[in-house]
Amino acid sequence: MNKLAPQFIVDHLKSSVTFYTEKLGFKVDWMNDHDPKFVILNREGVVLMLRQLSVNKLARPNRIPFIDSGWHTEGAEAWDAYIWMDDVETFYDQCIAHNVSIVKKLQLTDYGNLDFEIEDPDGYILCFGKIIKN
């Protein structure tokens, strides 16, 4: 195996694509222009797929079942994706400059990574980080 592409269910594909491309710097690899309900996005080899279904507000993202099950962090750290990157500090500054919703500020973690969390327009939590120590 050499790649993974999670698929997120979104309510409004066009606005989600705008968020990921304009605020997070992803590029559109593929989208059906005639019936835009699915898109493949890519940034530096990180691939995300977004799909708009005919029914909105379906059970998602991961933190909802975390909260419903009584998870001790009340949904914090219920990431929908963790994305490793080399220059997390610069990317963090870019997210701030683009008014991205920051859930957890950039910080060194007890598991040895420097990371931060954002929330996308559909409530997905993405954590971006780099390994500081093994």
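Residues numbered from 1 in each chain as written. Predicted model: local features only at pLDDT ≥ 70, side-chain atom pairs only at ≥ 80, totals over all residues. Heavy atoms only, no water.

Engineer: Outline the overall build of the chain, listing residues and values.
Structural biologist: When helices and strands are counted, the chain shows three helices and eight strands. Ordered by position from N to C terminus, the α and β elements of the chain give β-α-β-β-β-α-β-α-β-β-β. Evaluated residue by residue, the chain yields a buried proportion of 38% over its 134 residues. Long-range contacts, defined here as pairs at least 24 residues apart, represent 48% of the contacts in the chain between residues at least 6 apart. As displayed, the chain has an accessible area near 8,200 Å², and 53% of this comes from carbon and sulfur atoms. (Helix = DSSP H or I, 4+ residues; strand = E, 2+ residues; numbered from the N terminus. Buried < 20%, exposed > 50% of the residue type's maximum accessible area, 1.4 Å probe, protein only. Contact = heavy atoms within 4.5 Å. Areas by Shrake-Rupley, 256 points an atom, 1.4 Å probe, with all protein chains shown as cover.)

Engineer: Report on the packing of aromatic side chains, specifying residues and quantitative values.
Structural biologist: The tally for this structure, following the rule as stated, stands at eleven aromatic pairs. Ring centres of Trp30 and Phe38 lie 6.1 Å apart, and the angle between their planes is 50 degrees; on these two criteria the pair is classed as tilted. Judged by relative accessible area, Phe38 falls into the buried class, the value being 15%. Ring centres of Tyr82 and Trp84 lie 4.7 Å apart, and the angle between their planes is 50 degrees; this geometry places the pair in the tilted category. The exposure class of Trp84 is exposed, given its relative accessible area of 53%. (Phe/Tyr/Trp six-rings, centres within 6.5 Å; stacked < 30°, edge-to-face > 60°.)

Engineer: How would you explain the environment of Ile96 if you had to name every residue and give the values?
Structural biologist: Relative to the assigned elements, Ile96 resides in helix H3 (residues 88-97). Along the primary structure Ile96 and Lys23 are separated by 73 residues, whereas in three dimensions their C-alpha atoms are 9.5 Å apart.

Engineer: I'd like to hear about helix H1 (residues 13-23), residue by residue, with values.
Structural biologist: Regarding H1, the residues found buried are Leu13, Ser16, Val17, Phe19 and Tyr20. For H1, the buried positions fall inside an angular range of 155 degrees around the axis, keeping them on one side. Projecting away from the buried face of H1 at angles above 90 degrees are the exposed residues Lys14 and Glu22. For H1, the elements touching its buried residues are strand S1 (7-10), strand S2 (27-31), strand S3 (38-43), strand S4 (46-52), strand S7 (113-119) and strand S8 (125-131). Positive phi appears at Gly25, one or two residues downstream of H1, with a value of about 80 degrees. (Arc of directions from axis to C-beta.)

Engineer: Describe the sheet that holds S7, with residues and values.
Structural biologist: Taken together, the four strands give an open sheet; going across it, the order is S5-S8-S7-S6, and neighbouring strands pair in mixed fashion. Pairing within the sheet leaves two strands with one partner each, and these edge strands are strand S5 (81-84) and strand S6 (101-108). Between one strand and the next, the sheet's axes are offset by a mean angle of 15 degrees, whatever the strand orientation. As paired elements, S7 and S8 share seven bridges and run antiparallel to each other. Counted as the bridge partner of Leu114 is Lys130 from S8. (Pairing = 2+ DSSP bridges. Axes fitted to C-alpha atoms, helices over the stretch in contact; angles between N-to-C directions.)

Engineer: With reference to specific residues and values, describe the confidence of the model for the chain.
Structural biologist: Per-residue pLDDT for the chain has a mean of 88; in total, 84% of the residues score no lower than 70. Confidence scores differ between elements of the chain, with helix H2 (residues 63-68) showing the lowest mean pLDDT of 66 and H3 the highest of 98. (pLDDT = per-residue confidence, 0-100.)

Engineer: Mind laying out the layout of surface pockets, listing which residues take part and the relevant values?
Structural biologist: Reported here for the largest pocket is a volume of approximately 250 Å³. Where the lining of the largest pocket is concerned, the elements lending two or more residues are S4 and S5. Residue contributions to the lining of the largest pocket peak at four residues, all from S5. (1 Å grid on protein atoms, 1.4 Å probe; cavity = no way out; pocket = protein on both sides within 12 Å on 5 of 7 lines; lining within 4 Å. Points joined across faces, edges and corners; volume = space filled by probe spheres on them.)

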